[in-house]
Number of protein chains: 2
Amino acid sequence: MSFGTIELVEVGPRDGLQNEPDIISTEVKLDLISRMIGYGARRLEVASFVHPQRVPQMADAEAVIAGLPDRSDCTYIGLVLNKRGVMRALATRENGARGVDQVGCVIVASDTFGQKNQGQTIAEGLAETRDMLRFARAEGMRAQVTISAAFGCPFEGEVKHETVLAIAEELAIENPEEIALADTIGVGTPWEAGELFGKLGETLGGKIPMRAHFHNTRGTGIANAWEAYKAGVRTFDASLGGLGGCPFAPRATGNIATEDLIYMMARSGVDTGIDLAAAIAANKWFADVLGRELPSAVARAA
Amino acid sequence: MSFGTIELVEVGPRDGLQNEPDIISTEVKLDLISRMIGYGARRLEVASFVHPQRVPQMADAEAVIAGLPDRSDCTYIGLVLNKRGVMRALATRENGARGVDQVGCVIVASDTFGQKNQGQTIAEGLAETRDMLRFARAEGMRAQVTISAAFGCPFEGEVKHETVLAIAEELAIENPEEIALADTIGVGTPWEAGELFGKLGETLGGKIPMRAHFHNTRGTGIANAWEAYKAGVRTFDASLGGLGGCPFAPRATGNIATEDLIYMMARSGVDTGIDLAAAIAANKWFADVLGRELPSAVARAA
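Residues numbered from 1 in each chain as written. Chains lettered and ligands numbered in written order. Predicted model: local features only at pLDDT ≥ 70, side-chain atom pairs only at ≥ 80, totals over all residues. Heavy atoms only, no water.

- Going by an unreviewed UniProt entry, chain A carries the name Hydroxymethylglutaryl-CoA lyase and comes from Erythrobacter ramosus.
- Its UniProt record, at the heading Sequence similarities (unreviewed entry), says of chain A: "Belongs to the HMG-CoA lyase family." (UniProt positions renumbered as here; feature names shortened; annotations may be inferred.)

Here's what the structure looks like:
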């Protein structure tokens, strides 16, 4: 049986690592990325262009990108929070360097969270994000966008579906390559995932692909991914081992684990292009680097 | 919104504890059960009537049962693997004692696993289980049955849906109170859960209720529960904190956690009758007793 194909966006190098308290060396990050490509990841979020004082773990973004394998079959994504970030992403391509292939913009679906996280209300974030999307396009840089806190806000609690969909509708005017919904704090349930992605699919009318970004903070991440798949999502963020935490729940786990997503999808007849055994081997290697076991259930059961 | 109601079967005292290497005292078990009732559990698997040399943790089954709160609103289940077990369950009611309300029988849907675990092929297990169901009924004891390894076998790998459904069909002749499918080793995916419970529902024709028993060994347990719910299952086994391991994957986690199941269902508009905050408090208490954190994602995020 084959029900279809999904694309993995391996976000371990960025979302997975950014909350790690100890700085990982550029060399180890490049080794990690190389192993991720080795298990079949072809689209990777490799760094974020944020101020190094805000996220010290990403201070070597340019050095990581300069060291990436020059592969034409891989798409490297740099996260950008403002126009300065887009300019840094563009600069990685100067003088014939390979650089990043795509920037990922982020807009928060909550006024309070947005103000605390990026100093912007939703309206301000929308204006800036639209501006960034236009700017990136004008400069020949591919760009997509993620609506974060789409399933709930650590400060406001509920985030209305209408709020999320109105943001998506306005972003769609700029024709980004993809619009993602992120359950940044991991509160969503499969029921909501099916509902919200179903509505997003209607809003986008098939013209702009959807991507899903789930955290497993409350154990629902894999269930949410399956419901999102059934609602038409074919691209999923996940991180090796389930790396990545939640600053609002320090003892909680992070992104859905690549291994767990792949296991669930592959055994459901969905092609993923990922070599699960190689991913588990990469997990064991990186667990040794960090000196602790990673959350992935599949890797623990192996 | 309300989509319906589910019934939790709290299996922590039995499936959750049986693999604990250190013996938990009867007093602590009764304290645990009391806290479970405190958070709203009204149906509990309190012990198994197995030989104490096989499962030393269950050696005090009769003592635990003798100490249970005499509540008419609770259903206490004793697990039985043979007729001798049913007789022990019946004996708990002698001399006017409250005892257990229901026995739970188990049949393994794999010849190899059944022979290793209970010394029986599927056919032998079916004959004995039918006999046990008839015997329990004749003696006035309520009885239900679980088909274990229904989603996969640690020795044979795949378990065919036809095998599981044929077992269910034959068990249905004895009209048990309920037929459950158990993913004993936690290999199932939501796709399979929806398929198999959908087919089971058709096989049983609405005459015998279904129950689902999932393990979160590979991170799919909550996703499976949601698909089973959508396929018509309204009764779910879960254990406080996700207690319970997998003898075939020593580092893996166990049953789906009560807290995680309840969180997912409640936030999807399904009534559960469980006080999540009280369950998390019970988790913290029992984690202190065991001296380690329990797997429940929801409790860790709290």
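Alright, that's what it looks like, and here's the rest.
## As for the pattern of salt bridges
Right, on to step 1. A full pass over the atoms with the stated rule returns 50 salt bridges over all chains.
Right, on to step 2. The shortest N-O distance in the salt bridge between A:Glu293 and A:Arg300 comes to 3.2 Å.
Right, on to step 3. Owing to a relative accessible area of 35%, A:Glu293 belongs among the partly exposed residues under this scheme.
Right, on to step 4. A salt bridge links B:Arg71 to B:Asp73; the nearest nitrogen and oxygen atoms lie 2.9 Å apart.
Right, on to step 5. Classification of B:Arg71 by relative accessible area gives partly exposed; the value is 31%.
Right, on to step 6. For B:Asp73, a relative accessible area of 37% puts it in the partly exposed group.
Right, on to step 7. Several salt bridges converge on common partners, so that one network encompasses A:Lys83, A:Arg130, A:Asp131, A:Arg134, A:Glu170 and A:Glu174. (Salt bridge = Lys/Arg side-chain N within 4 Å of Asp/Glu carboxyl O. Buried < 20%, exposed > 50% of the residue type's maximum accessible area, 1.4 Å probe, protein only.)

## Observations concerning the interface of chain B and chain A
Right, on to step 1. At the interface, 35 residues of chain B touch 34 residues of chain A.
Right, on to step 2. Taking both sides of the interface into account, the surface hidden between chain B and chain A amounts to around 2800 Å²; carbon and sulfur atoms contribute 56%.
Right, on to step 3. Considering only the surface of chain B that becomes buried against chain A, B:Trp191, B:Arg251 and B:Arg267 emerge as the three largest contributors, covering 24% of it.
Right, on to step 4. Where chain B meets chain A, there are four salt bridges.
Right, on to step 5. Counting across the interface, chain B meets chain A through 14 residue pairs in polar contact (both at pLDDT 80 or more).
Right, on to step 6. Here the residues of the side of chain B that touches chain A are counted per class, giving 18 nonpolar, seven polar and ten charged. (Contact = heavy atoms within 4.5 Å. Buried area = accessible area lost by both parts, 1.4 Å probe. Polar contact = N/O pair within 3.5 Å; in protein donor to acceptor, adjacent residues only side chain to side chain. Nonpolar A, V, L, I, M, F, W, Y, C, P; charged D, E, K, R; others polar.)

## Quick word on the packing of aromatic side chains
Right, on to step 1. According to the stated counting rule, one finds twelve aromatic pairs over all chains in the structure shown.
Right, on to step 2. Residues A:Trp226 and A:Tyr229 carry aromatic rings whose centres are separated by 5.5 Å and whose planes lie at 15 degrees to one another, so their mutual orientation is stacked. Within this pair, A:Trp226 and its partner A:Tyr229 are both found in helix H9 (residues 221–230), separated by three residues, close to a single helical turn.
Right, on to step 3. Classification of A:Trp226 by relative accessible area gives buried; the value is 4%.
Right, on to step 4. Using a relative accessible area of 5% as the deciding quantity, one classes A:Tyr229 as buried.
Right, on to step 5. Look at B:Phe113 and B:Phe155: their rings are 5.7 Å apart centre to centre, the planes differ by 65 degrees, and that puts the pair in the edge-to-face class. Residue B:Phe113 is located in helix H5 (residues 111–118), and its partner B:Phe155 is located in the loop between strand E6 (142–148) and helix H7 (161–172); the two are separated by 42 residues in the primary sequence.
Right, on to step 6. By way of ring pairs, the aromatic residues A:Phe151, A:Phe197 and A:Phe214 are connected into one cluster.
Right, on to step 7. We note B:Lys116 situated over the ring of B:Phe155; from NZ or CZ to the ring centre the distance is 4.9 Å. (Phe/Tyr/Trp six-rings, centres within 6.5 Å; stacked < 30°, edge-to-face > 60°. Helix = DSSP H or I, 4+ residues; strand = E, 2+ residues; numbered from the N terminus. Lys NZ or Arg CZ within 6 Å of the ring centre and 35° of its normal.)

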